[in-house]
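Examining the three-dimensional arrangement
Single-letter residue listing:
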Amino acid sequence: DGGITQSPKYLFRKEGQNVTLSCEQNLNHDAMYWYRQDPGQGLRLIYYSQIVNDFQKGDIAEGYSVSREKKESFPLTVTSAQKNPTAFYLCASRSPQNTEAFFGQGTRLTVV
Amino acid sequence: QQQVKQSPQSLIVQKGGISIINCAYENTAFDYFPWYQQFPGKGPALLIAIRPDVSEKKEGRFTISFNKSAKQFSLHIMDSQPGDSATYFCAVHSPYNNNDMRFGAGTRLTVKP
């Protein structure tokens, strides 16, 4: 069953903690993306990666970090420097032919 | 910077009516214009997409109209159904700008029975 898997579905973070959101895909896609979704603001690009060991900052990268050690995996770390991390986070991947993007089911992060 | 402007922010339509959502983009390097549909608590999924070499694409009740000179494209949902109630995002893709994607702010569509 090909697809893109995000985990966990719900995540709670205490103030000052770093947390890592997982994103795995078995679609053999080179490009992977992380978006943040807040009500009324749509999808804002955090980071994207075109290839293993390479990634680029998006529009709201401050307070986040990523790695791309394997083609299948693109984890996102929300650091303590991110002042307002409560949001719905979406991971996506895309084929080399520059067409449809596939999304995971999202991770809802809440600061407690 | 906002590269894609989507309107309206919310839309209420009666069952059987036509839903129209609009998007405007800035960068002419974009070459793929999809619409994604998102249900609450789920990730978006591709609904329909168009390339700039055609002005219209129709798939069932869903149609994209594309105006290259105006840098605008729109989604039309004919015979809207309550099951169409969701959030819709337009997007732009560019193969030249490091292969990134940009999304509009989304339109929450409610179709009343």
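The present account deals with the structure reproduced in this document. (Residues numbered from 1 in each chain as written. Chains lettered and ligands numbered in written order. Predicted model: local features only at pLDDT ≥ 70, side-chain atom pairs only at ≥ 80, totals over all residues. Heavy atoms only, no water.)

1. A short note on the overall build of chain B
The helix and strand tally for chain B stands at zero helices and 11 strands. When the elements of chain B are put in sequence order from the N terminus, they spell out β-β-β-β-β-β-β-β-β-β-β. For 113 residues, the compact-globule formula gives about 13 Å, and the C-alpha radius of gyration of chain B, at 14 Å, lands near that figure. For chain B, the spread of C-alpha atoms along the principal axes amounts to about 45 × 30 × 20 Å. Every one of the 113 residues in chain B was classed for burial, and the buried ones make up 48%. (Helix = DSSP H or I, 4+ residues; strand = E, 2+ residues; numbered from the N terminus. Rg over C-alpha atoms; globule rule 2.2 N^0.38 Å. Buried < 20%, exposed > 50% of the residue type's maximum accessible area, 1.4 Å probe, protein only.)

2. With respect to the sheet that holds strand S3 (residues 19-25) of chain B
Residues and elements named next belong to chain B. An order of S1-S3-S8-S7-S6 is seen for the five strands of this open sheet, with the pairing classed as antiparallel. In this open sheet, the two strands that pair with only one neighbour each are strand S1 (4-7) and strand S6 (56-59). Averaged over neighbouring strand pairs, the angle between their axes works out to 15 degrees when direction is ignored. (Pairing = 2+ DSSP bridges. Axes fitted to C-alpha atoms, helices over the stretch in contact; angles between N-to-C directions.)

3. Comments concerning the nonpolar core
Residues B:Phe33, B:Trp35, B:Phe73, B:Leu75 and B:Tyr88 are the most contacted members of the largest nonpolar core, which totals 24 residues. Every element with two or more residues in this core is listed here: strand S2 (10-14), S3, strand S4 (33-38), strand S5 (45-50), strand S7 (62-67), strand S8 (72-77), strand S9 (86-93) and strand S11 (107-112) of chain B. In terms of residue count, S9(B) provides more of this core than any other element does, four residues in total. Beyond its immediate sequence surroundings of up to four residues, B:Leu75 is in contact with B:Ser19, B:Ile20, B:Ile21, B:Trp35, B:Leu47, B:Ile48, B:Phe62, B:Thr63 and B:Tyr88. Counting residues in each nonpolar core, the second largest holds 19 residues, with A:Trp34, A:Ile46, A:Val78 and A:Cys91 among its members. (Core = buried A, V, L, I, M, F, W, Y, C linked by side-chain atoms within 4.5 Å. Contact = heavy atoms within 4.5 Å.)

4. Let's talk about the environment of B:Tyr36
Along the polypeptide, B:Tyr36 turns up in strand S4. Of the residues examined, B:Tyr36 reaches a relative accessible area of 0% and is grouped as buried. Sequence separation of B:Tyr36 and B:Cys90 is 54 residues, and the distance between their C-alpha atoms is 6.3 Å. At 3.0 Å, the side chain of B:Tyr36 forms a polar contact with the backbone nitrogen of A:Ala101. (Polar contact = N/O pair within 3.5 Å; in protein donor to acceptor, adjacent residues only side chain to side chain.)

5. Here's the deal with the pairing of S11(B)
Residue and element names in this part refer to chain B. Only one face of S11 is covered, namely the face carrying Thr107, Leu109 and Val111; the face carrying Arg108, Thr110 and Lys112 is uncovered. The pairing of S2 with S11 spans five bridges and is classified as parallel. Paired with Ile12 across the strands is Thr110, a residue of S11. Two elements, S9 and S11, share three bridges in a ladder whose sense is antiparallel.

6. Comments concerning the interface of chain A and chain B
Each partner contributes to the interface: chain A provides 23 residues, whereas chain B provides 25 residues. Surface buried jointly by chain A and chain B totals about 2,000 Å² across both partners, of which 47% is contributed by carbon and sulfur atoms. Linking A:Asp59 and B:Arg102 is a salt bridge whose minimum nitrogen-to-oxygen distance equals 3.2 Å. At the boundary of chain A and chain B, one finds six residue pairs in polar contact (both at pLDDT 80 or more). Of all elements in the fold, only strand S4 (31-38), strand S5 (42-51), strand S9 (87-94) and strand S10 (101-103) of chain A reach the threshold of two or more residues within the side of chain A that touches chain B. Looking at side-chain class alone, the side of chain A that touches chain B contains 10 nonpolar, 10 polar and three charged residues. (Buried area = accessible area lost by both parts, 1.4 Å probe. Salt bridge = Lys/Arg side-chain N within 4 Å of Asp/Glu carboxyl O. Nonpolar A, V, L, I, M, F, W, Y, C, P; charged D, E, K, R; others polar.)

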